[in-house]
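Listed below are the residues making up each chain.
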Amino acid sequence: MGRHFLQIPGPTNVPDRVLRAIAQPTIDHRGPAFAALSGELLERLKPVFKTAGPVVVYPSSGTGAWEAALVNTLSPGDKVVAFETGHFSSLWCEMATRLGLVVDLIPGDWRHGADPDALAARLTPDVAAVMVVHNETSTGVRSRIPEIRAALDRADHPALLLVDTISSLGSMDYRHDEWRVDVTVGCSQKGLMLPPGLGFNAVSAKALAHRGRLPRSYWDWEPIIAANRQGFFTYTPPTNLLYGLREALAMLEEEGLEAVFARHDRHAEATRRAVRGWGLEVLCADEREHSSSLTAVLMPDGHDADAVRRLILQRYDMSLGTGLGRLAGRVFRIGHLGHFNDLMLAGTLSGVEMGLSLAGVPIKEGGARAALSYLEGVG
């Protein structure tokens, strides 16, 4: 009985008002009502990315938006520098390689973000782009994008800066224009509080001028942006998801983006206090790089994170994120992003604490209480 707790770091809980918006009757995607809707949405999306430039919307997952960022800007054989910060950064690199790009990978330990100091030595004249995941969903580690931009500036290097914000957009401070990002990749099912199905590219003027020769058709920005000027798309758009997007943007605007970011910061800090209160370790090893969207928790030796997750699902009807790639069985991930409040976090952490104890994991008592004390103190 009761409602399932979905505490994976995406897809996240969809608010009831967004679900009701999606349930509206479908309209003609070639008609004037749709043109008005899409024109409104394309403008209202810009403040979420903090850009004055175009935002391209695809019926796709974030993976599709990854591919669009690459094929619109790069050519076969181009060299890209990328950072190994976790499972999803690795997948993006694999895609780049399959597309015919040469990836110069800066290795990492999956506990730290992209290292700005390591970038300088890799910025040879033939580097066409730098790929960074802002918030690595598999690890709960945030990369410091302003410092990556500063490293490019110090080297006076013209490489494009491509940034994945799939699990940070709408949850953590991000500034496409101010940080001079060339392509920002996003999607719908995390901080934007929608079901999966929308992929985004925010595009700089430099990226629009830097047209590569990789094959593209569906993903090509130019015809989409041209059609968008009249409020239409070059493909059948996901009309009902756009209704939901309008409602989700309204919710973000009502709360205010700065308040949204502050709420996520509070919940992330409270979660970390709970983890430390249990005597466990947060995977992210650098205080400057903690994610505000999720927290990855390291299990003690001899204990299987997936076994704990299964027990919590069976006993308390709560889903937690699994460990991915090299972290399989070693971590579980607590999502605290999107449509989320203090009481939902209190329930989540109580369920985790009970589950850890029931699974025989050696923890200290009072982790959840430490989180609640913090929430009470900061209001």
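Reference entry: report on the structure contained in this document. What you see is a predicted model, and the numbers here were worked out from it, not measured in a lab. (Residues numbered from 1 in each chain as written. Predicted model: local features only at pLDDT ≥ 70, side-chain atom pairs only at ≥ 80, totals over all residues. Heavy atoms only, no water.)

Structural notes on the nonpolar core
With 65 residues, the main nonpolar core has Leu 70, Trp 92, Phe 200 and Leu 245 as its most contacted residues. Take this core: its biggest share by element is eight residues, from helix H10 (residues 239-255). Once you skip the residues sitting within four places of it in the chain, Trp 92 turns out to touch Trp 66, Leu 70, Met 131, Val 132, Val 133, Leu 162, Val 163, Asp 164 and Val 185. (Core = buried A, V, L, I, M, F, W, Y, C linked by side-chain atoms within 4.5 Å. Buried < 20%, exposed > 50% of the residue type's maximum accessible area, 1.4 Å probe, protein only. Helix = DSSP H or I, 4+ residues; strand = E, 2+ residues; numbered from the N terminus. Contact = heavy atoms within 4.5 Å.)

A few points about helix H5 (residues 87-98)
Counted at 1.5 Å a residue, the expected span for H5 with its twelve residues is 16 Å, and the 17 Å between its end C-alpha atoms agrees. Remark: Gly 100 follows H5 within two positions and exhibits a positive phi of approximately 95 degrees. (Expected span 1.5 Å × (residues − 1).)

A closer look at the packing of aromatic side chains
Taken as a whole and assessed by the stated rule, the structure comprises ten aromatic pairs. Centroid distance Phe 49 to Phe 200: 6.1 Å. Interplanar angle 70 degrees. Geometry classified as edge-to-face. In this pair, Phe 49 sits in helix H3 (residues 46-49) while Phe 200 sits in strand S10 (residues 198-203), placing the two residues 151 residues apart along the sequence. Each member of the pair Phe 49 and Phe 200 is classed as buried. Ring-pair connections join several aromatic residues into one group, and the members of that group are Phe 34, Tyr 58, Tyr 218, Trp 219, Phe 233 and Tyr 235. (Phe/Tyr/Trp six-rings, centres within 6.5 Å; stacked < 30°, edge-to-face > 60°.)

Focus on the pattern of salt bridges
Tallying each qualifying case throughout the model produces 29 salt bridges. Of the charged contacts in the structure, one is a salt bridge between Glu 258 and Lys 50, with a shortest N-O distance of 3.1 Å. Here Lys 50 lies in the loop between H3 and strand S2 (55-59) and Glu 258 lies in helix H11 (residues 257-277), a separation of 208 residues in the sequence. For Lys 50, a relative accessible area of 23% gives the class partly exposed. Among the salt bridges present, the one from Glu 269 reaches Arg 272, with a minimum N-O distance of 2.9 Å. Taken together, the residues Glu 269 and Arg 272, both in helix H11 and three residues apart, mark about one turn of the helix. Assessed through its relative accessible area of 18%, Glu 269 is described here as buried. (Salt bridge = Lys/Arg side-chain N within 4 Å of Asp/Glu carboxyl O.)

Examining unusual backbone geometry
Following Gly 10, the chain continues into Pro 11 via a peptide bond in cis, with omega recorded as 0 degrees. Even without being a glycine, Arg 180 presents a positive backbone phi close to 55 degrees. Within the secondary structure, Arg 180 sits in the loop between strand S8 (160-164) and strand S9 (183-187).

A short note on helix H7 (residues 145-154)
Buried within H7 are the following residues: Ile 145, Ile 148, Arg 149, Ala 151 and Leu 152. Along H7, the residues classed as buried sweep out an arc of 155 degrees about the axis, all on the same side. Where H7 is buried, its residues contact strand S3 (79-83), helix H6 (116-120), strand S5 (127-133) and S8. Backbone geometry just downstream of H7 places Asp 156 in the positive-phi region, at approximately 50 degrees. (Arc of directions from axis to C-beta.)

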